[in-house]
Amino acid sequence: MTLRLALALLLLAAPPARAEEVVLGLSQNSISIDTTFSGSEILLFGAIKREVAIPPDELGVVVTIAGPSQPLDVRRKERRFGIWVNVDTVEVDSAPSFYAVATSGPWNEVLSQVEDLRHKISIPRAIRSVGAPSSVQNAQDFTDAIIRIRSRTGAYQTNEGAVDLSEQTLFRTSVDLPSNLTEGAYVTRIFLTRRAAVVSKYETVIDVRKVGMERWLFELSRDNAMIYGLMSLTIAIGAGWGASAAFRLLRRG
């Protein structure tokens, strides 16, 4: 009797099994940055594991990849007396160095605003900016400027309908990574949604590291800033002298 009671209590205390879970695969779970690195493409593919029949509601899949976040200052310039000057500055607390989001369908059909706010999935939600000075008007414009500038360089990407979903079971998508990646952990999240609400979430990490000469220079700049500075100065002087010598030879010829 005691054993039966203990088993019943364990079953009640155990979390309920999820009806749908993600089984994910990556074309590569680590990226090495060297002097020849010109960008990369990550292929994500997976399946939905179920213990029940497929629900009648349409399934949605949302994939995000976020690079390391960092604070930054955003300045607004205005033309005064014929010159451009900084008039306002807002410190953004945290902005991902890279952020890509892909969906299996139109954004409003796949994810509600409430779920976006809860899980911080869209690009504006992934950027945290609080405590702007009271003297600054339209503080949201500074966040919009970050998104606009980084979207032009491919650092921020929103790809609606880029996730290929088959039979509500198999999915795949690809994300292009630019050449100017920041070193660190790139958090990859997959959300399953029904009726625009998140029903399951999966998370993993893609490791991005500098290797070879890139790694050596990076560590030298951190550990021996003086040596790194002197070496950079020497290279700059040598390059300038070489260019000058080549120019003199061309003039003589």
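Residues numbered from 1 in each chain as written. Predicted model: local features only at pLDDT ≥ 70, side-chain atom pairs only at ≥ 80, totals over all residues. Heavy atoms only, no water.

**Overview of the packing of aromatic side chains**
Our working definition: Classification of ring pairs rests on two measures: the distance between centres of Phe, Tyr or Trp rings, Trp counted by its six-membered ring, which must be within 6.5 Å, and the angle between planes, read as stacked under 30 degrees, edge-to-face over 60 and tilted in between. A run of H or I in DSSP becomes a helix once it reaches four residues, and a run of E becomes a strand once it reaches two; helices and strands are each numbered from the N terminus. When a residue's accessible area, from a 1.4 Å probe over protein chains only, is under 20% of the maximum for its type it is buried; when over 50% it is exposed; and in between it is partly exposed.
If you walk through the whole model with that rule in mind, you get 1 aromatic pair. Look at phenylalanine 98 and tyrosine 186: their rings are 6.2 Å apart centre to centre, the planes differ by 45°, and that puts the pair in the tilted class. On the criterion of sequence distance, the pair formed by phenylalanine 98 in the loop between strand S6 (83-96) and strand S7 (99-103) and tyrosine 186 in strand S11 (residues 184-194) is long-range, its members being 88 residues apart. Residues phenylalanine 98 and tyrosine 186 agree in their burial class; the two are buried.

**Some details on unusual backbone geometry**
Positioned with a positive phi, glutamine 168 is a non-glycine residue whose angle comes to about 55°. Within the fold, glutamine 168 resides in the loop between strand S9 (164-166) and strand S10 (170-177). The phi torsion at alanine 196 lies on the positive side, around 65°, for a residue other than glycine.

**Here's the deal with the confidence of the model for the protein**
Worth spelling out the cut-off: One number per residue, pLDDT, summarises how confident the predictor is, and it ranges from 0 to 100. Residues count as neighbours in contact if any of their non-hydrogen atoms are within 4.5 Å of one another.
Within the protein, residue pLDDT values average 79, and 72% of them lie at 70 or more. Confidence, expressed as mean pLDDT per element, reaches its minimum in the protein at helix H1 (residues 2-13) with 47 and its maximum at S7 with 96. For the stretch residues 5-17, pLDDT sits under 50, and the model shows 1 contact to residues farther than four places along the chain or on other chains.

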